[in-house]
Amino acid sequence: MTTTIPALGLGTYGRTGEEGLAALLAALELGYRHLDTAQSYGTEGNVGEAVRRSGLPRDEVFVTTKVADTNLSRADFAPSVQRSLDTLGLDRVDLLLIHWPSERDQVPFEDYMTALGQAKAAGHTRLIGVSNFPIEHLKQARALLGEDALATNQVEIHPFLQSPTLRDFARSIELPLTAYQPLAKGQVGENETLREIAAKHGVTPAAVALAFLMAEGHIVIPASGSRANLEANLRARDLKLRPEEIDAVRRLDRGERGIDPEKSPRWDD
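Residues numbered from 1 in each chain as written. Predicted model: local features only at pLDDT ≥ 70, side-chain atom pairs only at ≥ 80, totals over all residues. Heavy atoms only, no water.

Caption draft 1: Representation of the sheet that holds strand β6 (residues 150–156). Strand order across the open sheet formed by eight strands is β1-β2-β3-β4-β5-β6-β7-β8, with parallel pairing between neighbours. With one partner strand each, in any of the chains shown, β1 (10–11) and β8 (219–220) form the two edges of the open sheet. Pairing of β6 with strand β7 (residues 177–180) involves four bridges; the strand directions are parallel. Bridged to Q154 within β7 is T178. Each of β3 (62–67) and β4 (93–98) is contacted by helix α3 (residues 74–88), which is oriented at about 145° to β3, the strand it contacts most. (Pairing = 2+ DSSP bridges. Helix = DSSP H or I, 4+ residues; strand = E, 2+ residues; numbered from the N terminus. Contact = heavy atoms within 4.5 Å. Axes fitted to C-alpha atoms, helices over the stretch in contact; angles between N-to-C directions.)

Have a look at this one:
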């Protein structure tokens, strides 16, 4: 059984319909063992179906889903988790996250974080974590649930947004960060530094970006519907960047945030 979060997974946003299901099945065939979905993605059904059709033992595929910020109230939280399990067709998920903290505390923080802990106690998930949480929220969560309660904080991280303040705090408490949008919506493929490093290793710039993020200690969940890209991204697992190459990618950080809706919390620098 996978007891930790696989370092390279697959984001499933946009993988809807038959085409999306085919991409998920291709990913599992190629060797992906971590599928990341959410209540708001509309892909929970495809993820569950892909796991079943793959023929892989259930405990070999790590499944993550997230409770939407519209389901954080005491009345809505637990029923929404059960709906997710029903949609997935699974008895439990491996990781359950709060997708976004409640905007302007419309739902009390303690209510939904306590409900997250209760979901684990009820056996609906093996691990719990959060997404889009700044340091202040992480401190509150640890005080409420315990220092070792959270398995990860999933946030936007890529070579152009490395979030050093959050990264360093997470390292200090030994909390892995999971990088969503790790390829900056494809922008990494256009960067000359990443292209030069990729050419030296015979891989894609995307693989370099993913290898860099994993070398920094992050979990990565790139999304792709292309079999060729799925295969190319997997090469990041075996790519060892030289110290000078890692330093060169670190210098690409420009605080460029792509996901910043109105409901966002106050981000750390």
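Caption draft 2: Inspection of the side chain of H137 at higher detail. Within the element layout of this structure, H137 appears in helix α5 (residues 135–145). Given a relative accessible area of 12%, H137 falls into the buried group. Setting aside chain neighbours within four positions, we find H137 in contact with P101, F109 and P265. (Buried < 20%, exposed > 50% of the residue type's maximum accessible area, 1.4 Å probe, protein only.)

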